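Per-entry structural report
Given next are the chains, with one letter for each unit.
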Amino acid sequence: MHDATWLLRLYALRRIRHLARMDPEQAQRAVLASLIGRARGTKFGRDHDFSPAWSLDEYRSRVPLRDYDAFWEAYWRQPFPRLDDCTWPGRIPWFAVSSGTTTGTTKYIPVSREMRRSNVRAGADLLAFHVANRPDSRLLAGRVFMLGGSTGLVRQARGVHSGDLSGIAAATMPAWARLRYFPPRSLEAIADWEEKIERFAERSLDAEIGAIAGTPSWLLIFFERLAEIAGGKRIADIYPGLELLSHGGVAWAPYRDRFAALLQRSRAETREVYPASEGFFAIADRADGDGLRLQLDTGIFYEFVPLDRLDDANPDCRWVGDAEPGVNYALAVTTCAGLWRYLVGDTVTLVERDPPRVLVTGRTSYMLSAFGEHVIGAEVEQAVTEAARAIGATVTDFAAGSVFPEEAGARGGHLYIVEFGTGIDGGGSDRARFAERLDAALCRLNDDYAAHRAGGYGMDAAQVRVLPAGGFAAWMKSRGKLGGQNKVPRIVNDRELFAALRSFADGYGRTGSG
């Protein structure tokens, strides 16, 4: 295959020079003014008397923060699936089907043609950051492998389809891009995830793979099956030209050690991205852990709501001009798909402001606080990672929830259901050490948790139940959620869903149960 990396390198040189000159505040003001001007004639624009001359303060005073449910009830439910000049000009041609991670509620997120172009530009920036970091790159001598959802989109109305966002991207890919894309059309429409893994792995053995992208949990399953099919070979030997592993969707920390082992002797670098059904928000342009650089000029305007003020009637929102590093914010976006001050449901902190880089810390609903302990998702992720390293184990997947006292005088606490990859014994000693280290890490990371655990007065120590290999994939399959667009919920606050997971874990196997 002809190496087209030189074309990518030319684009990267031009793009990175542009980004270096960009003023974040100016870029974001221009985006907001453009979006308001484009949408003046929509129902939403008329309802809010849009004016492109608005200042940021005027925009905020006229347009309240809304979540998906508020948009759905007020603007999208009645005309769905034909959203014509509703919250964005013209007809919305695609809807990204997204399930609420903890509740499973299906959402239909509008994807306009402008948003498709925004996503493509972000994907190009990802590759640009890679070749800028790897001067000797030959990335486009091979193919870019997207381990995503099915392209078998559902026809909702004439000219309107719904499906996985990755499926929409693949189905609408221009011909020039498909020349460098894997999998081939004959395979990408496969809906059954287990068959998809098998067929992708087999076919990819004959392809030159330069990059691969997906959710860490599903990439892990794929790599393990790939190694089996290849007779136990290392990934470095199966994909000798692999330069880039792009990951997003869930926190990387619990998987970092596992992938480091899988990619041993490989030339591949790992690069985190922050894509969502609502837009492609940020990309790691520097080293792992340095934060993700916000996409400031691709049709998305960002606001940051202090998490402790999220329930206020008029919270003190920030933007790239005045958001403070180190503060935990709920992310709100205004986009070229007709989302206006839309609460994504994610929480982020800024690492720095020029250029703005963020770390994704969890979900607004991702907090364990049944007893007033206020443990956020990022703390849970870090504690699990530290505990696994302390016992020399790796984690494939996990979920945590609250367990409530069932009799007088008893205390509640947290239960972690964990599927380990390596380093765990068949008995209970490793599980006990993992639980002990996990509990100690949470006490160190969160003062409220430490106070509730002091002397065992308010809460019992964290408990751990081990789910045998393949357990979480089996649970997701039982829920009809098997596949790259579906994620195991890290924190489950829905008591019925967590009870169902515990019951499944009991039935799937009792090895290491606690």
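Further up the page is the structure itself.
Residues numbered from 1 in each chain as written. Predicted model: local features only at pLDDT ≥ 70, side-chain atom pairs only at ≥ 80, totals over all residues. Heavy atoms only, no water.

**Here we look at helix H2 (residues 24-38)**
- If you check H2, its first and last C-alpha atoms are 21 Å apart, about what 15 residues at 1.5 Å a residue would give, namely 21 Å.
- Inspection of H2 places Pro24, Ala27, Gln28, Val31, Leu32, Leu35 and Ile36 among the buried residues, and these make up the whole buried set. Burial along H2 is one-sided: seen end-on, the buried residues are contained in an arc of 160°.
- Along its buried surface, H2 packs onto helix H4 (56-62), strand E12 (300-306), strand E13 (329-335), strand E14 (342-353) and strand E15 (356-363).
- The residue sitting at the N-terminus of H2 and contributing the capping side-chain oxygen is Asp23; that oxygen lies 3.2 Å from the backbone nitrogen of Glu25. (Helix = DSSP H or I, 4+ residues; strand = E, 2+ residues; numbered from the N terminus. Expected span 1.5 Å × (residues − 1). Buried < 20%, exposed > 50% of the residue type's maximum accessible area, 1.4 Å probe, protein only. Arc of directions from axis to C-beta. Contact = heavy atoms within 4.5 Å. Polar contact = N/O pair within 3.5 Å; in protein donor to acceptor, adjacent residues only side chain to side chain.)

**Concerning the packing of helix H17 (residues 471-478) against helix H18 (residues 495-508)**
- Where H17 contacts H18, the axes come no closer than 11 Å and their chain directions differ by 125°. One element, H17, and the other, H18, form an angle in the oblique class. Between H17 and H18 the crossing geometry is right-handed. Packed against H17, whose contacting residues are Gly471, Phe472, Ala474, Trp475 and Ser478, the element H18 presents Leu497, Ala500, Leu501, Phe504 and Tyr508 at the interface.
- Its residues assigned to classes, the contact of H17 with H18 shows 8 nonpolar, 2 polar and no charged. (Axes fitted to C-alpha atoms, helices over the stretch in contact; angles between N-to-C directions. Parallel < 35°, antiparallel > 145°, perpendicular 65-115°, else oblique. Left-handed = near helix turned anticlockwise from the far one by under 90°. Nonpolar A, V, L, I, M, F, W, Y, C, P; charged D, E, K, R; others polar.)

**What to know about the environment of Glu195**
- Mapped onto the fold, Glu195 is located in helix H10 (residues 193-204).
- Along the chain, Glu195 and Asp3 lie 192 residues apart, while their C-alpha atoms are 31 Å from each other.

**Let's talk about the nonpolar core**
- Core analysis: the biggest nonpolar cluster contains 66 residues, and Trp76, Phe281, Tyr302, Phe304, Trp340 and Tyr342 have the highest contact counts within it.
- Those residues in contact with Phe281 that sit more than four places away from it in its chain are Tyr274, Ala276, Arg293, Leu294, Gln295, Ile300, Tyr302, Leu331, Val333 and Val344.
- Among the nonpolar cores identified, the runner-up in size contains 31 residues, and Phe182, Phe200, Ala201 and Leu242 belong to it. (Core = buried A, V, L, I, M, F, W, Y, C linked by side-chain atoms within 4.5 Å.)

**Quick notes on the pairing of E12**
- With 7 of its 7 residues buried, E12 lies for the most part within the structure.
- Across the two faces of E12 the burial is the same, with Ile300, Tyr302, Phe304 and Pro306 and Phe301, Glu303 and Val305 all buried.
- Both E12 and E13 contribute to a ladder of 7 bridges, which runs antiparallel. Counted as the bridge partner of Phe301 is Thr334 from E13. (Pairing = 2+ DSSP bridges.)

**Looking at unusual backbone geometry**
- Residue Phe182 is joined to Pro183 through a cis peptide bond whose omega torsion reads 15°.
- With respect to the helices and strands, Pro183 occurs in the loop between strand E6 (181-182) and helix H9 (185-188).
- A cis amide bond links Asp354 to the next residue, Pro355, at an omega of 0°.
- Relative to the helices and strands, Pro355 is located in the loop between E14 and E15.

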